[in-house]
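Examination of the molecular architecture
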8 protein chains.
Amino acid sequence: MSGEEASQEGVVNLGFARVDSARRERCGRAEVIFGEGKTPVEIARIASTIHGREGHVLVTRVSTDQAEVVQTQLPAAIYHERARCLTLGKPPVNNSSVTIGILCAGTSDLPVAEEAAVTLQAFGRRVERIHDVGVAGIHRLLNEIDRIRACGVLIVVAGMEGALPSAVAGLVEIPVIAVPTSVGYGASFGGLTALLGMVNSCANGVTVTNIDNGFGAACAADAILRLLEKRVQSEKESSR
Amino acid sequence: MSGEEASQEGVVNLGFARVDSARRERCGRAEVIFGEGKTPVEIARIASTIHGREGHVLVTRVSTDQAEVVQTQLPAAIYHERARCLTLGKPPVNNSSVTIGILCAGTSDLPVAEEAAVTLQAFGRRVERIHDVGVAGIHRLLNEIDRIRACGVLIVVAGMEGALPSAVAGLVEIPVIAVPTSVGYGASFGGLTALLGMVNSCANGVTVTNIDNGFGAACAADAILRLLEKRVQSEKESSR
Amino acid sequence: MSGEEASQEGVVNLGFARVDSARRERCGRAEVIFGEGKTPVEIARIASTIHGREGHVLVTRVSTDQAEVVQTQLPAAIYHERARCLTLGKPPVNNSSVTIGILCAGTSDLPVAEEAAVTLQAFGRRVERIHDVGVAGIHRLLNEIDRIRACGVLIVVAGMEGALPSAVAGLVEIPVIAVPTSVGYGASFGGLTALLGMVNSCANGVTVTNIDNGFGAACAADAILRLLEKRVQSEKESSR
Amino acid sequence: MSGEEASQEGVVNLGFARVDSARRERCGRAEVIFGEGKTPVEIARIASTIHGREGHVLVTRVSTDQAEVVQTQLPAAIYHERARCLTLGKPPVNNSSVTIGILCAGTSDLPVAEEAAVTLQAFGRRVERIHDVGVAGIHRLLNEIDRIRACGVLIVVAGMEGALPSAVAGLVEIPVIAVPTSVGYGASFGGLTALLGMVNSCANGVTVTNIDNGFGAACAADAILRLLEKRVQSEKESSR
Amino acid sequence: MSGEEASQEGVVNLGFARVDSARRERCGRAEVIFGEGKTPVEIARIASTIHGREGHVLVTRVSTDQAEVVQTQLPAAIYHERARCLTLGKPPVNNSSVTIGILCAGTSDLPVAEEAAVTLQAFGRRVERIHDVGVAGIHRLLNEIDRIRACGVLIVVAGMEGALPSAVAGLVEIPVIAVPTSVGYGASFGGLTALLGMVNSCANGVTVTNIDNGFGAACAADAILRLLEKRVQSEKESSR
Amino acid sequence: MSGEEASQEGVVNLGFARVDSARRERCGRAEVIFGEGKTPVEIARIASTIHGREGHVLVTRVSTDQAEVVQTQLPAAIYHERARCLTLGKPPVNNSSVTIGILCAGTSDLPVAEEAAVTLQAFGRRVERIHDVGVAGIHRLLNEIDRIRACGVLIVVAGMEGALPSAVAGLVEIPVIAVPTSVGYGASFGGLTALLGMVNSCANGVTVTNIDNGFGAACAADAILRLLEKRVQSEKESSR
Amino acid sequence: MSGEEASQEGVVNLGFARVDSARRERCGRAEVIFGEGKTPVEIARIASTIHGREGHVLVTRVSTDQAEVVQTQLPAAIYHERARCLTLGKPPVNNSSVTIGILCAGTSDLPVAEEAAVTLQAFGRRVERIHDVGVAGIHRLLNEIDRIRACGVLIVVAGMEGALPSAVAGLVEIPVIAVPTSVGYGASFGGLTALLGMVNSCANGVTVTNIDNGFGAACAADAILRLLEKRVQSEKESSR
Amino acid sequence: MSGEEASQEGVVNLGFARVDSARRERCGRAEVIFGEGKTPVEIARIASTIHGREGHVLVTRVSTDQAEVVQTQLPAAIYHERARCLTLGKPPVNNSSVTIGILCAGTSDLPVAEEAAVTLQAFGRRVERIHDVGVAGIHRLLNEIDRIRACGVLIVVAGMEGALPSAVAGLVEIPVIAVPTSVGYGASFGGLTALLGMVNSCANGVTVTNIDNGFGAACAADAILRLLEKRVQSEKESSR
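Nothing here was measured: the structure is a model prediction, and the numbers come from that model. (Residues numbered from 1 in each chain as written. Chains lettered and ligands numbered in written order. Predicted model: local features only at pLDDT ≥ 70, side-chain atom pairs only at ≥ 80, totals over all residues. Heavy atoms only, no water.)

1. A short note on the interface of chain H and chain G
Rules: A contact between two residues is defined here by any heavy atoms of the two lying within 4.5 Å. Buried area adds together the accessible area that both of two parts lose upon being put together, with accessible area traced by a 1.4 Å probe. Definition used for salt bridges: Asp or Glu carboxyl oxygen within 4 Å of a side-chain nitrogen of Lys or Arg. Pairing of N or O atoms within 3.5 Å defines a polar contact, subject to two protein rules: one partner must be a possible hydrogen donor and the other a possible acceptor, and residues neighboring in sequence count only if both atoms are side-chain atoms. Here a helix means four or more residues in a row that DSSP labels H or I, a strand means two or more in a row labelled E, and each is numbered from the N terminus. By the convention adopted, Pro, Cys, Tyr, Trp, Phe, Met, Ile, Leu, Val and Ala count as nonpolar, Lys, Arg, Asp and Glu as charged, and the other residues, Gly among them, as polar.
Taken together, the contacts link 44 residues of chain H with 44 residues of chain G. Summed over both partners, the interface of chain H with chain G comes to about 3500 Å²; 58% of that surface belongs to carbon and sulfur atoms. Our enumeration of links across chain H and chain G arrives at 6 salt bridges. Counting every contact that joins chain H to chain G gives 8 residue pairs in polar contact (both at pLDDT 80 or more). With 14 residues, helix α9 (residues 214-239) of chain H is the largest single contributor of residues to the side of chain H that touches chain G. Partitioning the side of chain H that touches chain G into residue classes produces 22 nonpolar, 11 polar and 11 charged.

2. Here we look at the packing of aromatic side chains
For any pair of aromatic rings, geometry is given as the distance between the ring centres together with the angle between the planes. As a reminder of what qualifies: Under the pairing criterion, centres of Phe, Tyr and Trp rings, with the six-membered ring standing for Trp, must be within 6.5 Å; the plane angle then separates stacked pairs below 30 degrees from edge-to-face pairs above 60, leaving the rest tilted. Only protein chains enter the accessibility calculation, which uses a 1.4 Å probe; a residue whose area is less than 20% of its type maximum is buried, one above 50% is exposed, and one in between is partly exposed. The criterion for a charge sitting over a ring is simple: Lys NZ or Arg CZ within 6 Å of the ring centre, and within 35 degrees of the ring normal.
Going through the model one piece at a time under the given rule, you end up with 8 aromatic pairs over all chains. Note on F34 of chain E and Y185 of chain G: the rings are 5.7 Å apart at their centroids and 15 degrees apart in plane angle, and the pair reads as stacked. Of this pair, F34 of chain E sits in strand β4 (residues 33-34) while Y185 of chain G sits in the loop between β11 (176-180) and α8 (192-199), which puts the two residues in different chains. We classify Y185 of chain G as buried; its relative accessible area is 16%. The ring of Y185 of chain D carries R61 of chain F above its face, with NZ or CZ at 4.3 Å from the centroid.

3. With respect to the interface of chain B and chain D
Tallying the contact residues gives 44 residues for chain B and 44 residues for chain D. Taken over both partners, the interface formed by chain B and chain D buries close to 3500 Å², and the fraction arising from carbon and sulfur atoms is 58%. Along the contact surface separating chain B from chain D lie 6 salt bridges. The salt bridge partner of E173 of chain D is K230 of chain B, with a shortest N-O separation of 3.1 Å. Only α1 (23-27), α8 (192-199), β12 (207-208) and α9 (214-239) of chain B provide two or more residues apiece to the side of chain B that touches chain D. Counted by class, the side of chain B that touches chain D contains 22 nonpolar, 11 polar and 11 charged residues.

4. Points about the arrangement of the chains
Looking at chain B next to chain F, you find no contact at all, with the nearest C-alpha pair sitting 20 Å apart. Where chain E comes nearest to chain H, the C-alpha atoms are still 20 Å apart, and the two do not contact one another.

5. Details of the relation of the copies chain H and chain G
Test applied: Superposing the copies works by least squares over the C-alpha atoms of residues that have pLDDT at least 70 in both of them.
Once chain H has been moved 0.0 Å along the axis and rotated by 180 degrees, it coincides with chain G to within an RMSD of 0.0 Å. Both chain copies can therefore be described as sitting about a two-fold axis. Counting the interface residues of chain H, we find that 100% of their copies in chain G are interface residues as well, pointing to one common contact surface.

Here you go:
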C-alpha cells in the first residue's frame, strides 16, 4: 500500500485511510478521529491532514501512551487526560447563547461526561458541568434544578441502573440525551443494563447513545444547536 | 397414580402433590398454592387440604377461568381479580403495629402490587397502597414521602427501567424490597431490564425478587415482621 | 378503591391512576395516555379528565377493540388505525416553520412511523412522510435527499438490521433520531438487532429510542422544536 | 476543576465528588466509599472528610495496591485483605442482640462473604460466619442448622448454580438475603447463572442483591436491624 | 413428491421422511417419532412403518388433538396424556433388575418426568416415580433417600432455579441425569435459568439434557442399562 | 480464623475449608480439589489432609505457577501440564474391563480432554484417547469407528459449533457424555455456542456438562462404571 | 394517502409502497414481495404491478389465509403451501446446466427448504431436493454423496444444533450456504442455537443466512449462478 | 504420546494432530493451519508436513511472537503482520480472470480484510482492496462503484452496526459475503451486533461468516471461483 495522497471528490486518500474532506459541507462538522486501534503515527498523520484543512482537529479515545507519541510529532496538541481526548488548533467560535448541561450520576462516570464536554468545547460550544447528582440522593439533583433548567440541551451520563435520565427528563422540558456508561459491576454487563434502562425510560422523549459514547452525545447536542442557529439566522434575515 | 392420602412426616401425599404440612413449623407460614399450571380440580383439592389444617389458605396466579371453577367447588373462596389471587378462610390476626408500604410506579404495575398486598393481608398484615409514583414525575413521590416514611418495610414495584427503588431507597432508612414487573415493551424483555436495573441499584441495600413476583416480596416483608414480633416478644419477656 | 378525585399539588387522583396535571408546566406538554394494558373505561376516564383541562388529548397504543369501546363513551374521539392512536379535541397551533421528516425503511415499519407522525400532529407540528427508503435500494433515499435536507429534524424508523439511520445521518447535518422497529424475523429478536445496530451507528450523533417507540421519538423531536421556538422568541424580544 | 469545598444543603462538594453529608439523617447510615475506579488520593480525601464528620468510615472494593497508598496517607486505616475493605475509626456500638448469619457455599465465595461481614461489623453489628456449606454436601448445612436458626437474619452467598439460598430458606423462617458470586467457570457467566437461579428460587421470600455485592446485602440486613431496634425502642417507651 | 417406499441401505424412504431402519443395529434402539410439527397423517404413516418392522413404536410430543386423529387411523395406539406420548404395540422385555428413579421438584414438572417414565417403559425399563421433592423442603427429599439410593440411575427433573440435581447428586453415588424444565416465570426464561443452573452444578458428575427433554434423559439412562446388560452378559459368558 | 482441625460428623474443618471426609461413603469417591482461586498453601494443606486419609488425591485447574509452589511443599506430587492437574499418591485399582473413550474434535480441545483422562486415571480407570476427529473431516471419525465402538462409555469433547457428539451418538449405542469447550472465536462466546449445540443435539441420549468441564464428564463416566461393577459383583454373588 | 402511481427514476410509487422497478438492472432480479405483515390487498396490488412489468412474480411468507384472498383477486396465482409462497406467471428460462442441491436435516425443516426450492424455481433454476439427512444418522448423508457432489451449489437447512453444514462442507468442494431453522425446542431459542452453530462451523467457507431464510439462501445461490453464466458467456464470446 | 507419523487413509497422524491429507481431493484445497492456541513448534511441524506434500502452506491467526519463533525454524516463511498470517512456498497459479473485491467499512476493519486478502492470494486468486467505504459517508462507496461492479465476488467487512453489506448488496448483482468484525465498543458486544445486523440484512442474498472470520469468507469466495473454473472448463471441453 503506497502512502501518497490521491484526491477524489470529497475524499483525501492517505492509503490506510480516507479522510472525508466533504463532511463539513455534508454534515456541518469536520471529521473527528477515533483514536482507539490506530497507531500513534496514523493518528498524527490523519490529525495533521485535517488540521491543515480545518485549522483545528479533535481526536477521541486516545490513551496516555498514544498521546505521548502523538505529542512528540505534533507538539502543539493538548491532551485532556480524563476525557481521553487530544485537540490541536483553536476551535471555531459560536455565538449561540445556549448552554449544554452535562450531568453525571457518579464520579466514576466523569470520563464519559468529560469526553462529551471536551468534544463540545472543540466544537465551540458552552458547557455546564453538573456532576455527582445520581438518583440515590435525589436532593443533590433538586439542589441543582435551576442550573439545569437554564441549559438548552442536557446530556445525562449514568452507569449502573441508568436511572438518572428518567428523573431529569421528568423535571425539564428541554431535549435530554442519555449516555449509559460501563460503570458498575456484576449484572451491569459493561453498561448493557444502563443502556436498556435508558432506552426503556418512563420519561418520554429521552434518546440514547451507545455505552460510554460521550462523543456521540456531544454530536447530537451540537446538531440541535446548529439547527437553532440556522433558524435564528433565517428569522433575523426574514425580519429585516 | 392413586389419589389416596399417605401421611409421612411433615408431608400429606395427595398422589399428584405433596402438601408440606410441616412448613409452618419450619418456615413460620402455611404453604401457599401457586395456581398457574394446575387444574382447578387440583387447586381445589390442595386448597381444601390446607384449609382443613390451617383454617385459611391463599392461592396465587389464578386466572378468572380457573377461579370460576374452583369457586363452584369451594363456594366460600373469594377471588381478588386484580391480584389474581384466591383466598379461603379468615387470615391469622397479627398485633404488630408495623405497616408495609406498597409503592408502584405506574397503573400497569398494579396487578403485581396487588398480589403483594393481598398476600400480606392473607398473612394478617397491614398494608398501605401508594400507587403511580414513578420517577418521571418525582414530585408525585415526594408528595407521599410522609406516608412512605411512616411504614416499616417498603415493597417497590416498577416495570420499564425499574428506577423507582433507587429513588425511594435514597429517601428512607427502612428495608426496601424491589419487584420488577414485565410492564413495558420493546427492549424491556418481559421485565429483564427492570430486574437488571434494580439489581444494579445505586442505592445500597435494595434487594430484589423475581419479575412480577409480588408474592415473594410479600413473603420477604412478612419474614422481617415475624422476626420483629419475636424480638419484641422476647424483649417483653426479658423485661418482666 | 373508591373513584373520587382527590386533588394534591400537581396531581389529579382518579383512584386507579394519578393524572400529572403539572406536567405542562414542568415538561412543556400535557400528559399523553399509554393505552396498552388499560381497560377502555380507564382510558376514557383519564382521557376525559385531561381533555377537560387541556382541550385535547392523545392516547397511544390503542387496539381496534379498545378504540371501539372508548368511542362509544367519547364519540368525538378519532381513531388513527395504522398509528394505533386516538385523539380527542383540537391540538395547539404552533407557528414554527420547521418540519420534522419521518423516514421509514420499509412498508412494515409504517405503524411506528405513523405513531410518531400522529403524535407530532397532536402536538401541533408539521411532518413530512418519506416512506420505503431502505438502504438496500440506496437510490430511493438519494432521490429524496432534497426533501430530507429541507427538514429541521429527522425521525428515522427501521427494523431488521436498522441500517437506515447511519446512511441518513451521513448525508445531513440536522438532528437524527433513530427508532428501531420489531419488524423482521429470525435473529431480529423483536427489534433488538435493529436497536443494537442503531446504538452502534458509525454516523456520529444518532440517538435512539426504544423499539417501536415512535411516540418517544416524536417527544424528542418536539422538545427540540420547543427549544428552538423559545430561542427565536427571546432573540426577537432582545432585538426589539 | 478547583478542589475547594463548597457547602450546599446536605452536600460537601470536593470538586471531583459530592459527599452526601445528609445521608445519615435520610438513610440512617453515613456514606460508604466505593473504592473501585477511584485513585488512592481521591479515596483518602473522601475518607478523611467522612471520618472527620462521623468518627469512622468504610471503604469497599479496595485493591491491595490502592490500600497501600491510602495507608501512607491515613496510617490509622486498617485493610481487610480478604474482604477488600478498608476501615478507619471505631464503628458505632449497637446493643441489638440479633446476630446476622453469613453463610457461604464454597471457600471461593469467601471474599464476598467477608465484604458483608466487615461491612456489618463497621456498622456495629454482630455476625456469625458459617462457611463452606454448599448443597452438594447437604449434611454440612444440616450440621449447622442450630447455629443458623439462632440468627435473626441470614446472608447466603453462593456462586456456580446458586442453589444454597433455596435450601436454606426452606429450613428457616427468618429473612434470607441471597448474594450471587462470580465464582464458577464456563456457563456461569460471571455470576449471571447464580443471580438468575437465586431470583427464581423455589423458596418463597428470598431476595437478591447484585453479583458479588456483599456490601449491599449487609446494608439490607442492617436496615432490618435498625427497623427492629426502633420498634423495640418504641415498644419500651410505650410500655413505660 | 411421490409417496412410494424406495429402499436404500438402512433407510426406508417415505418421500416426506426417511425412516432409519438400521438404527437398532447402530444405536441399539428402534427410531422414536418426534410428533411436534408433524401432521397426524405423517405420524400415523411413520408409526405404522416402524411398528410393522419392530412390533412396537413410541411417539413423543403428541398433542391431544394430534392423538385423536392418529388414534382414528391406529386404533390400538394408547395416548399417555400427561406425558404427551403415544405408544403402539408391546415393548421389549428386559430382564435387568436395575430401576431408574425419576425425581421431580414440583407438580408442574410432572409432564417432563412422565415423558421420561413412559419412554423408559416403552423401552422395557422399570421406573420408580418420586415426585414433588424440591429443595425448598429438603426433608421431603431426605424422607425418600432409601428409595432413591435403591435405584441404579436417577433422572432429576426441575424447573425454576434447577437446584434439585445438585442436592441429589451430593447424596448418592449413582449416575444423575438432570432435566431442566420450562416451569417458572419471570427470569426463568423458559427453562434457561434451570439449564444454566444444572450445567453449573457444584455436584460433580451431573450431566444435563435440553430443556423439557424427558425423552433424551430416558435415552441416556437406557444406554447406561444396555451397557450394563451387555457386560453382565459377557461376564456370564466368560465365567462359564 | 484459627486453623485447627475440628472434627464434626463427616467433615474435617480446616478453618478456611471443610473437607468432606464422608464423601467416599456417600458418593463413592474421595473429594477432589478445585485449584482455581485457591492459594498454593491452601491447596497443599487440603491435598495433604485428603492424601492422609485416602492415600491419593487429585487437584484440578492448577496453573503452572500454582503447581510449582505446591510441589515445593508436596515434592511427591506430579503435575500434568496439558491437563492442568496435580496428583499425589497411587490411585485405587479397578478391575473393570470397560474402557472410556475420550474423543476430541480438534487439537485445541486437548486440555479439556486431558483433564477428563487424567481424572479417570486418578480414579483407576482405563481410557482410550481418540483425538482430532472433528466433523469437518468425517472420514477421520469413521476411520476410528472400531476403536470407538470397543469402548463402554464415550466422552466427546468439542468447541466451536460442538457438532461432534451428534455425529458420534448416531454411530454407537453406548452412553455419550458431551463436553463443550471454550475453543473458538467470534460468536462462539466462550463455549456457549458449543454448549447450546450439544444440548440441542438431534441424537437422542447425549448428555452435557459445563463448558471445559472435563472433570465433570470423568465423574459422570466413573459413576456409570461404578454402577456396572456393583451389578456385575451382585450378579456374581447371586449366581454362586 | 392517495393510491395513484407517481413515477420517479427507478421507482413505482403505490402510495403505501415503492416498487423498485430498477432492481433488475441493478441487482439482476426483479423485486420479490415479502408477504408477512401486508394485507392481501396490498400483496395483490404490488404483485400485479410487478407481474405487469416482469411477466412473473414471487411472493414469500404468505399464510394460507392471505393466499386465499389474494387468489380471489389474482386467480392465476399458484400457492405453494409447504413453502408458504405464491407465484404468478412463468419464470424466466435459464440454460445453465448447474443444479442447486437443497439438503435438509429433518422433515420439520422442510418449509424452509421448500421456500428456497420454490424461490429458485421461480428464478428459473434447477434444484435437487435431498431431505432428512441429519448428522445423527450420518450414513443417510453418505448414501446421497454422489447426488450431492453432482450439484454446483448446496443450500443446507437444519435446526436444533445446526450441525449438518459442517459435515457436508467437509465432504465437498462446492459453495455451501447454511440456513438455520427455528426447528427445535428448549434451548434452541427459535433457531439462535442453529445460527450460532453454523456461524462457528469448523468447516471453512460455510456462509450463513438468517434463521428460516430459505429465500435469502436461494438469492445467494442464484447470484453465484448468474456470475457463472456471465463468465461462461464472456468466455464464449472471447473464444470466438 | 509418541510423535511418529502413522499413516491411515487420508490422514497423517502427528500424534498431537491429524493432518487431513485427503482434503485437497475432497474439498479442493489443502489444509490451512489455524495458529491460535498452537505452540510455535506445533505450527512449524504441521506447516512443514503440509508444505512437503503441497509445496505451499498458509497459517492464519499467528501472533507476532509466534511468527518469530516459527520463522527461526522455517526461515523461508513470510509473515503478513496486518493479516496475522504466515505463508510458506509459492501458491498455485489460477488463470481465472475473476477478481474478488474486498471492501471494508473503516480502517479498524483492515486486519480482517487483510486476512481475507492474504488467504485468497495464497489460493492464487486476484483481489481488489477497497477500504474505508462505510455507510456514514455513502459517497465514498458510490465513488468506487465501478471498481466494485467490475469484481466477480465481494467480501464486505464491517464492524459496529455492520450496515455496509446491505448498502453494497443493493448496488450489485454479484455474490456478497459479509464479514462482521469485533470493531466497536459498548453495545457492539465483540461483533455480535454486526453479525446480527448482517444476518438480518434487508438486501437479499447476503450470506455471513463468523465474527472476524476473513479466512472463512476467502474460502467461500474461492469455492465460488473453483465452481466457475470447472464450468468454464467443461464448457470449453464440450464446445470442442
